[in-house]
Amino acid sequence: MISKRIAAALAGATTVSLLLVACGDNGGQSPASSGDSVKSLTILDYYNNDPDKSLVQKGLDSCASKLGITIQRETVPGDTLIQKVLQQASSKTLPDVLMLDNPDVQQIAATGALAPLNDMGLNADGVIQGMVDATSYQGKLYGLAPVTNTIALFYNKDMLAEAGVQPPKTWDELKATAKKLTKPGRYGIAFNANATYEGSWQFLPAMWTNGGDETDLTSPQVAEALQLWVDLVKSGSASKSVINWTQGDAKDQFAAGKAAMMVNGPWQIPALEKVPNVKWDVVTFPLNKPDQTPVAPLGGEAWTVPLNKDQAKQQKAADFVKCLNSDENELAWAKARFTLPTKTALLDQYAKEVPSMKAFAEQVKTARARTGKLGDKWPDAAKVIYQAIQLALTGKASAQDAFKQASGG
C-alpha cells in the first residue's frame, strides 16, 4: 500500500507538483522519428524480489520481443518507489514505462506527469469497473493493470468438518462458526486490524458489503461492520493481537493450525502450498444481510506511460503497456502469480483452470477501488478507519463512537 508514502512525500515537498508538471514539459509533444526507430524502453517497477521479479521479467521480455525492442529495467523496494518517482520527475528522468500501485495512479496523474492512454489508442474495454475507476483521472485513462487481487475468507477444511460446520455465509454464521472452532491453542479466525493502511484494507469487505462508505464513516453501516470485528475479538474467537498482526502474521497463524479461518489474499497461496497437511479452501466474504453483495477492495499494480517529448517513444511505451494487458499475458501472469486477470470475460475461464482462485474470481467482479470515490483523499479516510479500529478493539471507544473520535469529532 504505497498511498501512505505518497501522502508523506507530497506533504514534505511543496514543489513536487510543480516539478512533476515541469516534467510534463518533457511531454511537449515535439516531433520525433517514426515508431520503428525506437529500439529500447526504460522500465521502473517494485517487483525487486523473486519469484515475482523473475515472473514479471518473463512477461516484459515477451512483449519486448513482440515489439522488436530491448528493455532496461530497474527495480526498487516497494517503499522507495514513490520517492524515486518524485526524484526522477524533478530531474526529468522518468522511465518510459512506470508501474504504480493502483491507488497511487490518480495521485500521480493529478500532477501532470503521466500521458493519457486514450490519446495513444488504448482503452479499458472489458476491464472490471473497479480497476477502471482506480486508473482513471478526470475522465482519462492513465494506467492498465494486467492482473489484480483482492481478499476473501480462507478456511481449514478439516477443522470445519471436525466441528460439523459449513463455511459461513453471513456475519451471524461467521461469529457462531468462529466461536465453535475456537479452543485452547486455536482461534476461530485471524485477520489484520493493525494501525496501518493494511488494517484498513482488511476492514473494507465488512464495511463495503454492509453498505458503509468512506464518504460517511460515521454511518450506522460502518459502525455495524466495526462491531463485527469487536464481537469476534471480545468473544475470544479472534486474538487480541490482531491489533498488531500483519496479513503475513494472520497467514502464519492459519498455516500453523492456530487459526481455523483467516481473511487474506491469494498471494498467501504459495506459502500455504508448502504446508500440505493444511487442507484449505476459500469463500467470498460473508454478508450481514441476505440481499447484500460481497464487496472487497482491489489490489494490484497498473502500468503507466510518463509524458515524453519524444512522441515516438511515448507511443512505443503505450504499445508496450497494451501488450502487457493482452488476454494471453493476463492469463499467463495470473496463473504464474496467483493473481486475477482484470478483464471480466477471462475470469470464469481462469477460475476453471485454477480452482483455488474461484472465490477470488467471484469476489473481484464486484470489488471496488480504494480511490474510486475519494481519489487522492483516500489516505486520509484510511487513517481514520485504522485509528477507529484500534480505539474499538482496545476498548477506548464503542463501535458507534470510534469513528467520531478518530475523525476528531
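Cut-offs applied
Residues numbered from 1 in each chain as written. Predicted model: local features only at pLDDT ≥ 70, side-chain atom pairs only at ≥ 80, totals over all residues. Heavy atoms only, no water. Buried < 20%, exposed > 50% of the residue type's maximum accessible area, 1.4 Å probe, protein only. Helix = DSSP H or I, 4+ residues; strand = E, 2+ residues; numbered from the N terminus. Pairing = 2+ DSSP bridges. pLDDT = per-residue confidence, 0-100. Contact = heavy atoms within 4.5 Å. Axes fitted to C-alpha atoms, helices over the stretch in contact; angles between N-to-C directions. Disulfide = S-S within 2.5 Å.

Considerations on the pairing of strand 10 (residues 280–283)
Here strand 10 shows one buried face, formed by Trp280 and Val282, and one open face, formed by Asp281 and Val283. Bridge count between strand 8 (residues 152–156) and strand 10: four bridges; the pairing is antiparallel. Pairing of Asn156 across the sheet is with Trp280, part of strand 10.

A few points about the confidence of the model for the protein
Averaged over every residue, the pLDDT of the protein is 91; the share at 70 or more is 91%. Low confidence marks residues 7–34, where pLDDT is under 50. Its contacts with residues over four positions away, or in another chain, come to 45 contacts.

Here we look at the sheet that holds strand 9 (residues 261–264)
Taken in spatial order, the three strands of this open sheet run 9-8-10, and their pairing is antiparallel. In the strand order of this sheet, the two ends are held by strand 9 and strand 10, each with one partner. Averaged over all adjacent pairs, the angle separating strand axes in this sheet is 30°, with direction ignored. Relative to strand 9, strand 8 runs antiparallel, the two sharing four bridges. Its bridge partner lying in strand 9, Tyr155 is registered against Met261.

Let's talk about the sheet that holds strand 11 (residues 301–304)
Taken together, the five strands give an open sheet; going across it, the order is 2-1-3-11-6, and neighbouring strands pair in mixed fashion. One side of each edge strand has no neighbouring strand; the edge strands of this open sheet are strand 2 (70–75) and strand 6 (143–144). Here four bridges tie strand 3 (residues 97–101) to strand 11, and the two strands are oriented antiparallel to one another. Paired with Leu98 across the strands is Thr304, a residue of strand 11.

Considerations on the state of the cysteines
Counted according to the given criterion, the structure contains one disulfide. With a sulfur-sulfur separation of 2.2 Å, Cys63 is cross-linked through a disulfide to Cys323. Where Cys63 bonds to Cys323 through sulfur, the torsion about that S-S bond is close to -90°, and the disulfide is left-handed. Of this pair, Cys63 sits in helix 3 (residues 52–67) while Cys323 sits in helix 13 (residues 311–324), and the two are 260 residues apart along the sequence. Assigned by exposure class, Cys63 and Cys323 land together as buried.

Some thoughts on helix 14 (residues 327–337)
If you check which residues of helix 14 are buried, you get Asn329, Glu330, Leu331, Trp333, Ala334 and Arg337. Looking at the buried side of helix 14, the elements it contacts are helix 3, strand 7 (147–148), strand 11, helix 13, strand 12 (340–341) and helix 15 (344–353). Downstream of helix 14 by a residue or two, Phe338 has a phi angle that is positive, lying close to 50°.

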